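# Summary of structural features
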Amino acid sequence: MRELNNQLALLNHHVGVRLSLRDVDLDCLDLIARHGPISPGALARRAGLHPATMTGILDRLQRGGWIVRERDPDAADRRSVTVRALRERSAEVYGLYAGMNASMDDICAGYDESQLELIADFLHRAGEAGRRAADELAEG
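Attention here is on the structure that accompanies the text.

## Here's the deal with the packing of helix 1 (residues 2-19) against helix 5 (residues 87-96)
Two numbers describe how helix 1 lies on helix 5: the axes approach to 10 Å, and their chain directions differ by 135°. Classified by the angle their axes make, helix 1 and helix 5 are oblique. The chirality of how helix 1 crosses helix 5 is right-handed. Packed against helix 1, whose contacting residues are Val 15, Arg 18 and Leu 19, the element helix 5 presents Glu 92, Val 93 and Leu 96 at the interface.

Here it is, written out as structure tokens:
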């Protein structure tokens, strides 16, 4: 697991370099793409970052043309915004992960359906364990 984590972190770092994004900026862009539109506060909590740090990250992502901040029409506070990733930029990101995605397709082709379900279950449970451990460390 540690080796996989290291290799994925290295891959993400190289993708970020190609896109002129800091590692944390790329991580937040991924969270926005997966969970957005999302409020900056909710994004900060999900990323485990201080809201002031998140403001700087969002400023960089917006300047780079990766995201937009939009007024939240459902919020009681007129100053409330949500953050949304710009779909037209996603092809740049996906293109840089194409080699890894092709490799994963090849790897998955070597397993039958029940094995893939078992692997998916393991990865889901491992991810949940990681989230719980991170939450515990953040609280205490």
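## So, helix 2 (residues 23-35)
An ideal rise of 1.5 Å per residue puts 18 Å on 13 residues; helix 2 measures up with 18 Å between its terminal C-alpha atoms. For helix 2, the complete set of buried residues consists of Asp 25, Leu 26, Cys 28, Leu 29, Leu 31 and Ile 32. Buried residues along helix 2 sit in contact with helix 1, helix 3 (40-47), helix 4 (51-63), strand 1 (67-71), strand 2 (81-85) and helix 5.

## Examining the environment of Ala 133
Within the fold, Ala 133 resides in helix 7 (residues 113-139). As a C-alpha pair, Ala 133 and Ala 52 span 81 residues in sequence and 24 Å in three-dimensional space.

## Some remarks on the environment of Val 93
Tracing the backbone shows Val 93 in helix 5. Owing to a relative accessible area of 14%, Val 93 belongs among the buried residues under this scheme. Spatially, the C-alpha atom of Val 93 lies 25 Å from that of Pro 51, the residues being 42 residues apart in sequence.

## Re the pattern of salt bridges
For the coordinates displayed, the defined rule picks out 7 salt bridges. Two residues, Arg 69 and Asp 59, come together in a salt bridge whose shortest N-O distance is 2.9 Å. You can see Arg 69 sitting in strand 1 and its partner Asp 59 sitting in helix 4, a full 10 residues away along the chain.

What counts, and where the lines are drawn
- Residues numbered from 1 in each chain as written.
- Predicted model: local features only at pLDDT ≥ 70, side-chain atom pairs only at ≥ 80, totals over all residues.
- Heavy atoms only, no water.
- Axes fitted to C-alpha atoms, helices over the stretch in contact; angles between N-to-C directions.
- Helix = DSSP H or I, 4+ residues; strand = E, 2+ residues; numbered from the N terminus.
- Parallel < 35°, antiparallel > 145°, perpendicular 65-115°, else oblique.
- Left-handed = near helix turned anticlockwise from the far one by under 90°.
- Contact = heavy atoms within 4.5 Å.
- Expected span 1.5 Å × (residues − 1).
- Buried < 20%, exposed > 50% of the residue type's maximum accessible area, 1.4 Å probe, protein only.
- Salt bridge = Lys/Arg side-chain N within 4 Å of Asp/Glu carboxyl O.

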